[in-house]
Amino acid sequence: MERGIQVNEGRDKGRQRLIMVLYFMIAAGTVVLAAMVRSIPEDRPAGNGGAAAGMRYTGQGRRGISRQQACNMLCLFSIFTVLFAVSACRLNVGNDYAKYVEFMHLIACDAWNYVPTEIGFNVLVALLYRLSGSENFLLVFAVFAFFTMGLFLKAMYGQSDSFGWSFFLFMAFGFYFSTFNTVRYYLALALALYSVKYVLKGEWGKFLLAVLAGSVFHKSMLVVIPLYILASLAWKKWQLVLMALFCTTFFYLQDFYLKAVVFLYPSYEDTEYLEGGISWFNILRCFGVLVLSLLYYRQAVAGSRRNRFYFFCNLGALVLYTCCSFLPIITRIGYYLNITQILFIPAVLGKIEDKRQRRFWSAAVAAAAAGYFALYLMRAGNDGIRVLPYQTFMFHDMVPILSDVN
């Protein structure tokens, strides 16, 4: 009996190692494709030649597609196809997959009052179920994967100084595989990253519309309105001192802030979700990014409104992770700020004038990110992450949900 259990455990561990290798190959393959993409961010001029932006002029004076532009489109399409397929084909992968299936079942039964999800999610589920003629939860997850991956890739392609670097960090920091969990939140996070361009351009109307659109799927996105506005300001030293004094209230007004969280999330009351915790990985990552940016502050940050915005986003994330660890949703709020790291790091590295220093820090960042990814994969089967083992509807069956058991 014990020997049989040991054999099964050995097989499970073997499968998990195999899937870890598969995840690594997916990450490595898509990063190689991303390295071949060349683009100019939307807020930067294309320069004198149209070819710099991936365009060329034909003999008739009309614009055509250059080889680089064709390469960009092919690589982006390939990356999107791989990431979308892996996400859309999964079954019971993610710590809340079965819970989402239960919510969808209740929505299909018109028991909307028993689900804590937002109106946008509920309406979308009801619509997709009606169109498919059955409780097709796989279609719902596929739709979320489609728009989440599309928004992330579009945001990086349109806003990053180096799409290859940004995509590498997106994969290495675990953002992609984390989209297997809390699909509503990661759709909102992708939309938040995409909306950054509106903040930097001062197009506040479009920014608010994007935030409101995301908030109907996950209302936590509303926090980016004050957070992104604060990060976009040109802070003076005395203002930073006042903000630091305000942050001290997180230490002696914890009950007040917890009540505010319960007000926003009534379903959290008297549950384990109200338990906070210190996110050491996020703290170390924010600290490392800030150290790098401070070393080259004059070169990379001081004269750039865009990079200054990213700097204050990461400073704000560090403050939240250190001062507000008692809040249960602090990781989600912090991610709205530190997601900008995948844009900020390439921007800082590109501004380092000394070639040797730029090579050194590029190698250091790449090594640190790769190490972070290795640690993420080793913890990928833990509760709260659970992207291992990977299962697909083509070879596995869905586990019973709560309604089936009852």
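Remember, predicted model here, so these are calculated numbers, not experimental data.

Draft legend 1. Seen up close, the overall build of the protein. Counting secondary structure elements, the protein contains 20 helices and 2 strands. A separation threshold of at least 6 residues defines the contact pool for the protein, and within that pool the share at least 24 residues apart is 75%. Surface summary for the protein: the accessible area is close to 20900 Å², and the carbon and sulfur share equals 64%.

Draft legend 2. Structural detail: the environment of Tyr-296. Examined against the element boundaries, Tyr-296 turns out to sit in the loop between α14 (280-295) and α15 (297-301). Each C-alpha atom, one on Tyr-296 and one on Ile-352, is 7.0 Å from the other, the two residues being 56 residues apart in sequence. Once you skip the residues sitting within four places of it in the chain, Tyr-296 turns out to touch Val-301, Ile-352, Gln-357 and Trp-361.

Draft legend 3. Focus on the nonpolar core. Judged by nonpolar contacts, the single largest core of 125 residues is most densely connected at Tyr-23, Phe-167, Tyr-228 and Ile-342. Looking at which element gives the most residues to this core, the answer is helix α8 (residues 183-201), with 15 residues. Setting aside residues no more than four positions away along its own chain, Ile-342 makes contact with Met-156, Ser-166, Leu-169, Phe-170, Phe-173, Phe-175 and Leu-193.

Draft legend 4. Structural context of the pattern of salt bridges. Applying the stated criterion across every chain, the model contains 3 salt bridges. Between Glu-118 and Arg-184 there is a salt bridge; the shortest N-O distance is 2.7 Å. Of this pair, Glu-118 sits in the loop between α3 (97-108) and α4 (119-132) while Arg-184 is found in helix α8, placing the two residues 66 residues apart along the sequence. In terms of burial, Glu-118 and Arg-184 fall into one category: buried.

Draft legend 5. Region of the structure containing the side chain of Asn-72. By secondary structure assignment, the location of Asn-72 is in helix α2 (residues 67-88). Among the residues examined, Asn-72 registers a relative accessible area of 1% and is labelled buried. In this structure Asn-72 touches Met-36, Val-37, Arg-38 and Tyr-157, once residues within four positions along its chain are discounted.

Draft legend 6. Structural view of a nonpolar patch on the surface. Taken together, the side chains of Trp-204, Ile-229, Leu-230 and Leu-233 define a hydrophobic patch exposed on the protein surface, amounting to about 310 Å² of accessible area. Mapped onto the elements, Ile-229 comes out in helix α10 (residues 224-231). You can call Ile-229 partly exposed: its relative accessible area is 34%.

Draft legend 7. Examining the confidence of the model for the protein more closely. Per-residue confidence for the protein gives a mean pLDDT of 86, with 86% of residues at or over 70. At the low end of the mean pLDDT range in the protein sits strand β1 (residues 55-57), at 42; at the high end sits helix α6 (residues 163-172), at 97. Note that pLDDT drops below 50 for residues 46-61; the model gives that stretch 22 contacts with residues more than four away or on any other chain.

Draft legend 8. How the structure looks around α8. With 19 residues, α8 ought to run about 27 Å at 1.5 Å a step, and its terminal C-alpha atoms sit 29 Å apart, in line with that. Bending of α8 peaks at approximately 30° at the position of Tyr-194. Across the 19 residues of α8, 18 count as buried, placing the element largely inside the fold. Backbone geometry just downstream of α8 places Gly-202 in the positive-phi region, at approximately 75°.

Draft legend 9. A look at the packing of aromatic side chains. In total, this model carries 38 aromatic pairs according to the counting rule given. Between the aromatic rings of Tyr-194 and Tyr-198, the centroid separation amounts to 6.0 Å while the plane-to-plane angle is 85°, which identifies the pairing as edge-to-face. With Tyr-194 and Tyr-198 both in helix α8 and 4 residues apart, the pair spans about one turn of that helix. Accessibility expressed as a relative area gives 14% for Tyr-198, which makes it buried. For the pair Tyr-310 and Phe-344, a centre-to-centre distance of 6.0 Å together with 55° between the ring planes defines the contact as tilted. Taken together, the positions of Tyr-310 in helix α16 (residues 305-323) and Phe-344 in helix α18 (residues 341-351) put the pair 34 residues apart, joining distant regions of the chain. Each residue in the set Tyr-97, Tyr-100, Phe-103, Phe-121, Phe-137, Phe-141, Phe-144 and Phe-217 is aromatic and connected to the rest through ring pairs, giving one cluster. We note Arg-285 situated over the ring of Phe-173; from NZ or CZ to the ring centre the distance is 4.4 Å. Above the face of the Tyr-185 ring, Arg-332 is positioned so that its terminal group lies 5.9 Å from the ring centre.

Draft legend 10. Expanded view of the packing of α6 against α18. Where α6 meets α18, the closest approach of the two axes is 8 Å, and the angle between their N-to-C directions is 135°. The orientation of α6 with respect to α18, classified from their angle, is oblique. Our pair here, α6 against α18, has a crossing hand that is right-handed. Where α6 approaches α18, its residues Trp-165, Ser-166, Leu-169 and Phe-170 are matched on the opposing element by Gln-341, Ile-342, Leu-343, Ile-345, Pro-346 and Leu-349. Taken together, the residues that form the contact of α6 with α18 break down as 8 nonpolar, 2 polar and no charged.

Draft legend 11. Quick look at the environment of Ser-178. Looking at the element boundaries, Ser-178 is found in helix α7 (residues 175-178). Residue class for Ser-178 comes out buried when judged on its relative accessible area of 12%. The sequence separation of Ser-178 and Ile-385 amounts to 207 residues, and the corresponding C-alpha distance is 7.3 Å. Residues in contact with Ser-178, not counting those within four places in the same chain, are Tyr-186 and Tyr-376. Polar side-chain contacts of Ser-178 include one of 3.3 Å to the side chain of Tyr-376.

Draft legend 12. Representation of unusual backbone geometry within the structure. In this structure, the amide linkage connecting Leu-388 to the following residue, Pro-389, adopts the cis form with an omega of -5°. For Pro-389, the position within the fold is in the loop between α19 (355-378) and α20 (402-405). Residue Asn-92 is not a glycine yet carries a positive backbone phi of 55°. By secondary structure assignment, the location of Asn-92 is in the loop between α2 and α3. We classify Asn-92 as buried; its relative accessible area is 12%.

Cut-offs used in this document
Residues numbered from 1 in each chain as written. Predicted model: local features only at pLDDT ≥ 70, side-chain atom pairs only at ≥ 80, totals over all residues. Heavy atoms only, no water. Helix = DSSP H or I, 4+ residues; strand = E, 2+ residues; numbered from the N terminus. Contact = heavy atoms within 4.5 Å. Areas by Shrake-Rupley, 256 points an atom, 1.4 Å probe, with all protein chains shown as cover. Core = buried A, V, L, I, M, F, W, Y, C linked by side-chain atoms within 4.5 Å. Buried < 20%, exposed > 50% of the residue type's maximum accessible area, 1.4 Å probe, protein only. Salt bridge = Lys/Arg side-chain N within 4 Å of Asp/Glu carboxyl O. Patch = residues over 30% accessible without salt bridge, like charges linked within 9 Å, V, L, I, M, F, W, Y side chains within 5 Å. pLDDT = per-residue confidence, 0-100. Expected span 1.5 Å × (residues − 1). Bend = angle between axes of the 7 residues up to and from the residue. Phe/Tyr/Trp six-rings, centres within 6.5 Å; stacked < 30°, edge-to-face > 60°. Lys NZ or Arg CZ within 6 Å of the ring centre and 35° of its normal. Axes fitted to C-alpha atoms, helices over the stretch in contact; angles between N-to-C directions. Parallel < 35°, antiparallel > 145°, perpendicular 65-115°, else oblique. Left-handed = near helix turned anticlockwise from the far one by under 90°. Nonpolar A, V, L, I, M, F, W, Y, C, P; charged D, E, K, R; others polar. Polar contact = N/O pair within 3.5 Å; in protein donor to acceptor, adjacent residues only side chain to side chain.

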